[in-house]
Amino acid sequence: MTVFFRRWFLGFVTIALIANSLLYLASRPAAGQENPLRRADALVLINSASTSYTDFAHSIQPYLDHFGVPYTVLDIAAAPVTSDIADYALIVIGHRNLDPAHLYLDAVEQSYISAAVFAGTGLINFDDVLAENGSPLYTFIQDIFRFGYKASIPHNQVEIHTGVPAPWNYIVAAQPENAVYQLGQNIQPAGVIPPADTAVLASLNGQPLLVAVPYGYGRALQWTSYAWLNWRTWGPVRGFDDLIWRGMACVARKPFVLQGMPPFVTFRVDDSVGPYTWIPIANAYGFKPWVGIFLRNVSEPDAASLKMLVDAGQATAGVHALSFTEFFYTGTPEQIAANFAEAQAWFATHQITPSAFVVPHYYRFDPPAFDGLAQMGVEFVGTVMTPGDDYGTSLAIQGRPYRLYDVPQSGSSVPFYYADYLSVPGYPQYDGRFFNVLTEIRDVTGYEWFPDNDV
């Protein structure tokens, strides 16, 4: 049984978080809302001349895009920081090594950042190159965070500190109490010594990893490393994503707008042949599962049972394969066409409406299969591979939101989350036609999620 989180086709929910919202358990000065020019979006500072410039597009920008944060990018190598930076609800420094040589961000520009945060603009800093030989590199960082510096030690154990006071407790509210995570490999944080009035929300074997500070009317967060975003180390969809979006929501001046989506959980069952007595049990707990059937292995009584469940809106069903050893969506165009003809006859005979979503056996689609999918009215697919590739030997699809650049092997045990249109090699007519939506949490009990207490 593979569980996935269905975060598509729900529409956007616009969240306007007002200044004195109970969510943050703290009042904010009304004066912060008096300037009609102040916006409810973010300004991202990047430096196209930096050696770490591409980190923003590869690692940080996907979060802004997926969480629906309205933002403007300011390249400090091309345009100066001005006092208008205070018009934004949130400032995000988008990568490390922003300007360690002080070629673009002068003292006056840094003072604008400090002043904006003091007046109420939020700050999230992903730049972890903060000092050189113990000497601070940026005056605005010292204004806001007041760090001391020391040597740091690489490690792979991350501790979450859920006992922090308001308003910082909101950022870690979705975490298990004082959770501990073991990364796949060591990372090295910036060696910072936070002042007494700060809150360390996460640490790396006792060294600060995520630090929150108040500054004037504003709030700020410092990540001392974002190296965990590499999938070989940890990556998205593994338990830290909430720290990023909740961090933005917490520190931004209000009102702040996100195009977020509510939590929505369901699951799919592949390799299905019946019986289907488990589906009403799933329904009782609020789940409407997708059933991926082995077309030639479903008995007549089980097909009749499945029809009743689909008709009642308790499940959806589609073809996963012909059988465990017989693929459905692979082969010559003639073989695939014959498979679809068999499936259409089966669904018509049993009067079952096929689902608009399908996941193929071993995620294998050959490109000609998309002609049949289009004829059957399929709109959504779930796969980790480019059509025509083999599972386990190919790289995973490069797709949104988090797999545009750093992609694992398709058969790896890291979690996958796709929500993007699928390209079909050799079939440009299907560009933008099929939406690939798949979430698999593969790092809990392994790839399969079997119940172990069903006696």
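Residues numbered from 1 in each chain as written. Predicted model: local features only at pLDDT ≥ 70, side-chain atom pairs only at ≥ 80, totals over all residues. Heavy atoms only, no water.

(A) Examining helix α2 (residues 107–119) more closely. Compared with the 18 Å implied by 1.5 Å per residue over 13 residues, the 18 Å span of α2 between its first and last C-alpha is a close match. Residues Glu109, Gln110, Ile113, Ser114, Ala116 and Val117 constitute the buried set of α2. For α2, the arc enclosing every buried residue in end-on projection is 160 degrees, short of the 170-degree limit, so these residues lie on one face. Where α2 is buried, its residues meet β3 (42–46), β5 (90–93), β6 (122–125), α3 (139–144), β14 (207–215) and β15 (218–223). Where α2 begins, one side-chain oxygen reaches toward the backbone nitrogen of Val108, 3.1 Å away; that side chain belongs to Asp106. Once α2 finishes, Gly120 follows within two positions and takes phi at roughly 130 degrees, a positive value. (Helix = DSSP H or I, 4+ residues; strand = E, 2+ residues; numbered from the N terminus. Expected span 1.5 Å × (residues − 1). Buried < 20%, exposed > 50% of the residue type's maximum accessible area, 1.4 Å probe, protein only. Arc of directions from axis to C-beta. Contact = heavy atoms within 4.5 Å. Polar contact = N/O pair within 3.5 Å; in protein donor to acceptor, adjacent residues only side chain to side chain.)

(B) Quick peek at the sheet that holds β5. If you walk across this open sheet you meet the 9 strands as β4-β3-β5-β6-β15-β14-β13-β10-β11, and the pairing is mixed. Two strands bound the open sheet, and with one partner strand each, they are β4 (71–75) and β11 (180–187). Here the strands of the sheet are splayed against their neighbours by 20 degrees on average, with no regard to which way each runs. Sitting on the sheet, helix α1 (residues 54–66) touches β3 and β4, and the angle it makes with β4 is about 155 degrees. (Pairing = 2+ DSSP bridges. Axes fitted to C-alpha atoms, helices over the stretch in contact; angles between N-to-C directions.)

(C) Highlighting α1. The end-to-end C-alpha distance of α1, which contains 13 residues, comes to 18 Å, matching closely the 18 Å that a straight helix rising 1.5 Å per residue would cover. Where α1 bends most, the angle comes to about 50 degrees, and this point is Ile60, followed within four residues by the proline Pro62. Just downstream of α1 lies Gly68, where phi reads positive at about 70 degrees. (Bend = angle between axes of the 7 residues up to and from the residue.)

(D) How the structure looks around the confidence of the model for the protein chain. When pLDDT is averaged along the protein chain, the result is 90; 89% of the residues meet or exceed 70. Throughout residues 1–37 the model reports pLDDT below 50, and contacts reaching past four residues in sequence, or to other chains, amount to 86 contacts. (pLDDT = per-residue confidence, 0-100.)

(E) Quick look at the environment of Asp406. The topology assignment puts Asp406 in the loop between β21 (380–381) and β22 (416–421). With relative accessibility at 24%, the residue Asp406 sits in the partly exposed group. When the C-alpha atoms of Asp406 and Leu229 are compared, they prove to be 9.5 Å apart, with 177 residues separating the residues in sequence. Residues within four places of Asp406 in sequence aside, it is in contact with Asn230, Trp231 and Arg232.

(F) Quick peek at the sheet that holds strand β23 (residues 435–440). An order of β20-β21-β23-β22 is seen for the 4 strands of this open sheet, with the pairing classed as mixed. Edge positions in the sheet fall to β20 (357–358) and β22, since each of these pairs with one other strand and no more. In this sheet, β21 lies alongside β20 in parallel orientation, the contact comprising 2 bridges. Looking at β21, one finds that Phe357 is bridged to Phe380.

(G) Quick look at the pattern of salt bridges. For the structure shown, the criterion picks out 12 salt bridges. Note that Arg268 is salt-bridged to Asp270, the shortest N-O span being 2.9 Å. Residue Asp270 is classed as buried on the basis of its relative accessible area of 16%. Close ionic contact of Asp311 with Lys307 constitutes a salt bridge, the shortest N to O distance being 2.6 Å. Highlighted residues: Asp311 and Lys307, both in helix α6 (residues 300–311), separated by 4 residues, approximately one helical turn. Here the salt bridges share partners, and the residues they tie into one network are Arg268, Asp270, Glu440 and Arg442. (Salt bridge = Lys/Arg side-chain N within 4 Å of Asp/Glu carboxyl O.)

(H) The arrangement of the environment of Val437 in detail. For Val437, the position within the fold is in strand β23. Accessibility expressed as a relative area gives 1% for Val437, which makes it buried. Each C-alpha atom of the pair Val437 and Phe416 lies 10.0 Å from the other, and the pair is 21 residues apart in sequence.

(I) How the structure looks around the environment of Pro368. Mapped onto the elements of the fold, Pro368 is located in the loop between β20 and α8 (369–375). Judged by relative accessible area, Pro368 falls into the buried class, the value being 16%. Spatially, the C-alpha atoms of Pro368 and Gln335 are 9.9 Å apart, while their sequence positions differ by 33 residues.

(J) Geometry of unusual backbone geometry. Gly274 connects to Pro275 through a cis peptide bond whose omega is 0 degrees. Residue Pro401 follows Arg400 across a cis peptide bond; omega there is 0 degrees. Turning to its location among the elements, Pro401 is positioned in the loop between β21 and β22. The phi angle at Asn133 is positive, at roughly 55 degrees, despite the residue not being glycine. Along the chain, the position of Asn133 falls in the loop between β7 (131–132) and β8 (135–136). Exposure remark for Asn133: the relative accessible area of 80% places this residue in the exposed category.

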